[in-house]
Amino acid sequence: MDYTPFQDMPDAKALFMTDRGSTYALFEDQTTQRNRSGANHEDKSTGLQQRSGKTVFLDRDSMNKIGMTFQREDVATRFLPILDSENKPTGRAKLELTQDHTYRPSKLVQGKFVMGEPQLLKAGTVLAEVPYSTKPAVGMHPVEIMRSDSPIGDKGRGIHFGSKITEIVERAKERAASKAIGGGGGMNPMDIEKVPGKRPLKMAQGGMVDKALSGNWKVL
């Protein structure tokens, strides 16, 4: 897989690859588009996928905390940014119930699991809270949000939880601006100056790039 489908997209501010070989473009409006690899998937289909509604980036532990429950078809949940008192993003997000959920806790007694009495969790209960970033980083996972809710029976199809990022290429202008802004950020588009035309890219982790595509896009 390669970055060729994205090289002439003027609003793409960064490109990255995941360890299954899929490549992505991250756009100015905090959306992404994936060029899918079928490697290590049961579904071997490839090619450009639907552009996300928004994309954020989670570390592995945070992704598991959100993804494992969001993809359960017996629990109704939604994934939302946590806002401050001024309605601004805090750099944290939550998974909460959208319907009441009854479960039976279990505990290990003398080598056997014993079920407890049914417990009720009300709609609105926060099941997990995690930090997120609006910038890709090697070792993090892209979380492409098409629909933030997962109703009963849905299996979380509104969010694509991507594989670990192994490589990043970004435009030099955005890299300098994002350094000045600092970490964190929200699910809304980042406030980065837009410069028309194509600009050369630099590696997100620093250093030189040694292989180039046409149109001034450079990759590792």
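In short, a report on the structure.

Calculation rules
- Residues numbered from 1 in each chain as written.
- Predicted model: local features only at pLDDT ≥ 70, side-chain atom pairs only at ≥ 80, totals over all residues.
- Heavy atoms only, no water.
- Helix = DSSP H or I, 4+ residues; strand = E, 2+ residues; numbered from the N terminus.
- Buried < 20%, exposed > 50% of the residue type's maximum accessible area, 1.4 Å probe, protein only.
- Areas by Shrake-Rupley, 256 points an atom, 1.4 Å probe, with all protein chains shown as cover.
- Salt bridge = Lys/Arg side-chain N within 4 Å of Asp/Glu carboxyl O.
- Pairing = 2+ DSSP bridges.
- Axes fitted to C-alpha atoms, helices over the stretch in contact; angles between N-to-C directions.
- Contact = heavy atoms within 4.5 Å.

**As for the overall build of the protein chain**
The number of helices and strands found in the protein chain is two helices and 19 strands. Looking at the protein chain as a whole, 41% of its 220 residues qualify as buried. When the accessible area of the protein chain is evaluated, it comes to approximately 11,800 Å², of which 49% is carbon and sulfur surface.

**A few points about the pattern of salt bridges**
Opposite charge on two side chains permits them to pair, given that their charged atoms come into close proximity. With the rule as written, the count across this model stands at twelve salt bridges. The residue D11 makes a salt bridge to R51 at a minimum N-O spacing of 3.1 Å. Placement of D11 in the segment before strand 1 (12-18) and of R51 in the loop between strand 4 (47-48) and strand 5 (54-58) is noted, with a sequence separation of 40 residues between them. Judged by its relative accessible area of 32%, R51 falls in the partly exposed class. Of the charged contacts in the structure, one is a salt bridge between D100 and K122, with a shortest N-O distance of 3.3 Å. Of the two residues, D100 is situated in the loop between strand 7 (89-97) and strand 8 (101-103) and K122 in the loop between strand 11 (119-121) and strand 12 (126-131); the sequence distance between them amounts to 22 residues. With a relative accessible area of 43%, D100 lands in the partly exposed category. On the accessibility criterion, K122 (48% relative accessible area) is partly exposed. The network of salt bridges with shared partners includes R147, D149, D154 and R157.

**Re the sheet that holds strand 15 (residues 159-161)**
Spatial ordering of the open sheet is given by 5-13-15, a layout of three strands whose pairing is antiparallel. The open sheet has two edge strands with one neighbour each: strand 5 and strand 15. Across this sheet, the average inter-strand angle for adjacent strands is 20°, counted without regard to direction. In terms of strand pairing, strand 13 (residues 141-145) meets strand 15 through three bridges, oriented antiparallel. Looking at the pairing, E144 lines up with H160 of strand 15. Helix 1 (residues 60-70) contacts strand 5, strand 13 and strand 15 of the sheet and is inclined by roughly 140° relative to strand 15.

**What to know about the environment of E73**
Along the chain, E73 falls in the loop between helix 1 and strand 6 (77-83). The exposure class of E73 is partly exposed, given its relative accessible area of 40%. Considering only alpha carbons, one finds E73 and I152, 79 residues apart in sequence, at a separation of 5.2 Å. Apart from the residues within four sequence positions on either side, E73 is in contact with I152, G153, D154 and K155.

Shape descriptors only; they carry no functional weight alone.
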